[in-house]
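Single-letter residue listing:
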Amino acid sequence: MLAKICRFFWFNLFIRPLVFLYLGVNIRRRNLLPRQGPAILVANHNSHLDTMLLMISCPSSLFPVLRPVAAADYFLATKVRAWFSTNVLNIVPIWRNKEDRGENSDPLAPIDQALDEGSAVIFFPEGSRGEPEQMTDFKRGIAILASRHPDVPIVPIFLQGAGRALPKGEGMVVPFLLDMFVGEHLYWGGDEKEFMERLRRRFETLSREGYRPQWE
Amino acid sequence: MNFDVAAAEAVANPVVLWALASLFLILVVATIIVNYLHSRGGSGEFDEVVQRLRTWWIIVLLLSSAILLSSGASLVFFALISFLGLKEFLTLAPTRRADRDVLFYLYLAIPVQYLWAALEWYGMFIIFVPVYLFLFVPLRMVLSGNTKNFLKAAGILHWGVMTTVFSISHLGFLLMLPAGRNPHGDGPAMVLFLIILTQLNDVAQYLWGKALGSRRVVPNVSPNKTWEGLVGGVVTTTLLATVLSHWMTPLLLWQGAIAGLGIGLFGFVGDVCVSAVKRDLGIKDTSQMLPGHGGILDRVDSLTYTAPLFFHFVYYTCY
């Protein structure tokens, strides 16, 4: 009950005004966002705001089953953060280091389970937020996920602006308009290299849609 | 300063009510014409015009609600325009990560600047941005110690805050001016006079240009702007301003004509200045916030010139 109340307040009274009024978002092709799970939302990652933006921009029918995949070593690190991540954000925790999860276990297993339960997951294939407003190469985890769930749509979403509004290591959110460009859905095609190349090209096309000023 | 009294005056001022009623009448007529053309045109020819008109309805509804509600509500409305404009500008313009703090202070300056207007503290209102904020920006930038692109970054921040905050806030101080020799030509009436003429001037220049335009004024900046459009628009605006100023401002007839001439000419200048910025950055619209128009800056570009110029003309001649 407490968790539900916190979740409601966090997203409706804090995140929504913060993102939609204080910052402002330009969403292109909102109709391509899935209305129900399972689905894999794939986005580039520069800021904690990315997850928040994706969670409140999706159709309300998706919200109850929408779960961000997050690194357990960070999001479950302290008791308070773990409670918040689990109950308010409803994350799918994954362990990045072998030592933490045991030698032979599969780091993506929790995501498989979530998808099998009908959840839509938010997945950042870069693995970490990295330098603000710079996209790094995607790791192969997304290809493995896709191969295991060939019928689940993969929704590419290009984000920009959040890295300027709240870069890694900063606490203050400065107003910047955010861009969110949704692309055509992708499916696993049978070959990892071909899939990764297709995904990379999809993001390249999306990123060229928007103007991006220099930021140093 | 008493917002309730101001509100009562605004509502009681028949000139303000007439102006707002006329604005809605224009919108109704325009909507009927555009819908007629749209239904006949078929192939999506007027789609953008329909969208633009729909956005105009929302803008006019918000503006008239604010004006009728109270001077406080109007100031909040104008401050919001400054906020959205500055946000658009700083999103488009190149900025430095080291200046994130400075950007935050610029946003913070918006409520402060409008507070001076609310308090009718003219001395502070007129120097706060061009003196204090002007000096504070480089001071704060120096403290971060990053000298790379220092001058360029400082220039960008100054230009942004001068146009979107200082210029636009003149609408706020204009609103607070008391009635002069014309009991109905008070602040709210003059604000409406300025906004209506500035926006009608844009429309008039566009329509005259569409109808007769061939010779380009500034082909490298804005290829659609023609001498025919400019002259037709300025003449239309001057005539309209001369007539309307008699009811809506304390200006004499000849002063009203000069005000109209200025709004026509400098509205054009504000428009092409924002066009030049967009061309410099290689973009078409400043954002997609206002469907059919583009961004806030695409809409208030002319006002960044006409608001301070009209304000100081009135302030010098009548106060």
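Residues numbered from 1 in each chain as written. Chains lettered and ligands numbered in written order. Predicted model: local features only at pLDDT ≥ 70, side-chain atom pairs only at ≥ 80, totals over all residues.

Digging into the overall build of chain B
Secondary structure assignment for chain B yields 12 helices and 0 strands. The secondary structure elements of chain B, listed N-terminal to C-terminal, are α-α-α-α-α-α-α-α-α-α-α-α. A globule of 319 residues ought to have a C-alpha radius of gyration of about 20 Å, and chain B, at 20 Å, matches this closely. Taken along the three principal axes of its C-alpha coordinates, chain B extends 60 × 50 × 30 Å. Within chain B, buried positions represent 45% of all 319 residues. (Helix = DSSP H or I, 4+ residues; strand = E, 2+ residues; numbered from the N terminus. Rg over C-alpha atoms; globule rule 2.2 N^0.38 Å. Buried ≥ 20, exposed ≤ 12 C-beta atoms within 10 Å, placed from the backbone.)

What about the sheet that holds strand 6 (residues 154-160) of chain A?
All names here are of chain A. What the 7 strands build is an open sheet, ordered 1-7-6-2-5-3-4; its pairing is mixed. The open sheet terminates on both sides in strands that have one partner only, identified here as strand 1 (25-28) and strand 4 (92-94). Here the strands of the sheet are splayed against their neighbours by 20° on average, with no regard to which way each runs. Across 4 bridges, strand 2 (residues 39-43) lies against strand 5 (residues 120-123) in parallel orientation. Bridge pairing in strand 5 places Leu41 opposite Ile122. This element, helix 6 (residues 109-116), spans strand 3 (66-71), strand 4 and strand 5 of the sheet and lies at about 160° to strand 4. Running at roughly 40° to strand 6, helix 9 (residues 192-209) makes contact with strand 6 and strand 7 (178-182) of the sheet. (Pairing = 2+ DSSP bridges. Axes fitted to C-alpha atoms, helices over the stretch in contact; angles between N-to-C directions. Contact = placed C-beta atoms within 7 Å.)

Things to note about the packing of helix 9 (residues 227-248) of chain B against helix 10 (residues 253-281) of chain B
Residues and elements named next belong to chain B. Running from amino to carboxyl end, helix 9 crosses helix 10 at an angle of 145°, the nearest separation of the two axes being 7 Å. Between helix 9 and helix 10 the crossing geometry is right-handed. Contact residues: helix 9 offers Leu230, Gly233, Val234, Thr237, Thr238, Leu240, Ala241, Thr242, Ser245 and His246, while helix 10 offers Leu253, Gly256, Ala257, Ala259, Gly260, Leu261, Ile263, Gly264, Leu265 and Phe268. Along the lines of polarity and charge, the residues of the contact of helix 9 with helix 10 split into 11 nonpolar, 9 polar and no charged. (Left-handed = near helix turned anticlockwise from the far one by under 90°. Nonpolar A, V, L, I, M, F, W, Y, C, P; charged D, E, K, R; others polar.)

Some details on the interface of chain B and chain A
Bring the parts together and some accessible area is lost; that lost area is often taken as the interface size. Taken together, the contacts link 19 residues of chain B with 15 residues of chain A. A total of 5 residues in the side of chain B that touches chain A trace back to one element, the largest contributor, which is helix 4 (residues 71-92) of chain B. Split by residue class, the side of chain B that touches chain A holds 9 nonpolar, 5 polar and 5 charged.

A few points about the nonpolar core
By size, the foremost hydrophobic cluster in this structure holds 132 residues, and its most contacted members are Ile40(A), Leu41(A), Val121(A), Ile157(A) and Leu192(B). Per element, the largest residue contribution to this core is 12 residues, and it comes from helix 8 (residues 187-212) of chain B. Other than its neighbours up to four places away in sequence, Ile157(A) contacts Leu41(A), Val42(A), Ala43(A), Leu54(A), Met180(A) and Val182(A). (Core = buried A, V, L, I, M, F, W, Y, C linked by C-beta atoms within 7 Å.)

Section: unusual backbone geometry
Omega for the peptide link from Gly37(A) to Pro38(A) comes to -5°, which places this bond in the cis form. With a phi angle near 55°, Glu120(B) is a residue other than glycine that sits in the positive phi range. Within the element layout of this structure, Glu120(B) appears in the loop between helix 5 (100-118) and helix 6 (122-144).

A look at helix 2 (residues 48-57) of chain A
In terms of burial, helix 2 of chain A is a largely internal element, 7 of the 10 residues being buried. The set of residues buried in helix 2 of chain A consists of Leu49(A), Asp50(A), Thr51(A), Met52(A), Leu53(A), Leu54(A) and Met55(A).

Focus on the pairing of strand 7 of chain A
Residue and element names in this part refer to chain A. By the criterion of burial, strand 7 is predominantly enclosed, with 5 of the 5 residues buried. One ladder, built from 4 bridges, connects strand 1 with strand 7; its direction is parallel. Each residue of the ladder has a partner; that of Asn26, found in strand 7, is Asp179. When strand 6 meets strand 7, the two strands line up antiparallel, connected through 4 bridges. Across the sheet, the residue bridging to Leu159 is Met180, located in strand 7.

Some words on the environment of Thr55(B)
All names here are of chain B. Checked against the element boundaries, Thr55 lands in helix 3 (residues 47-69). According to the C-beta neighbour criterion, Thr55 is partly exposed, with 17 such atoms within 10 Å. Once the C-alpha coordinates of Thr55 and Met289 are considered, the two residues, 234 residues apart in sequence, prove to be 9.9 Å apart. Setting aside residues no more than four positions away along its own chain, Thr55 makes contact with Leu290, Pro291, Gly292 and His293.

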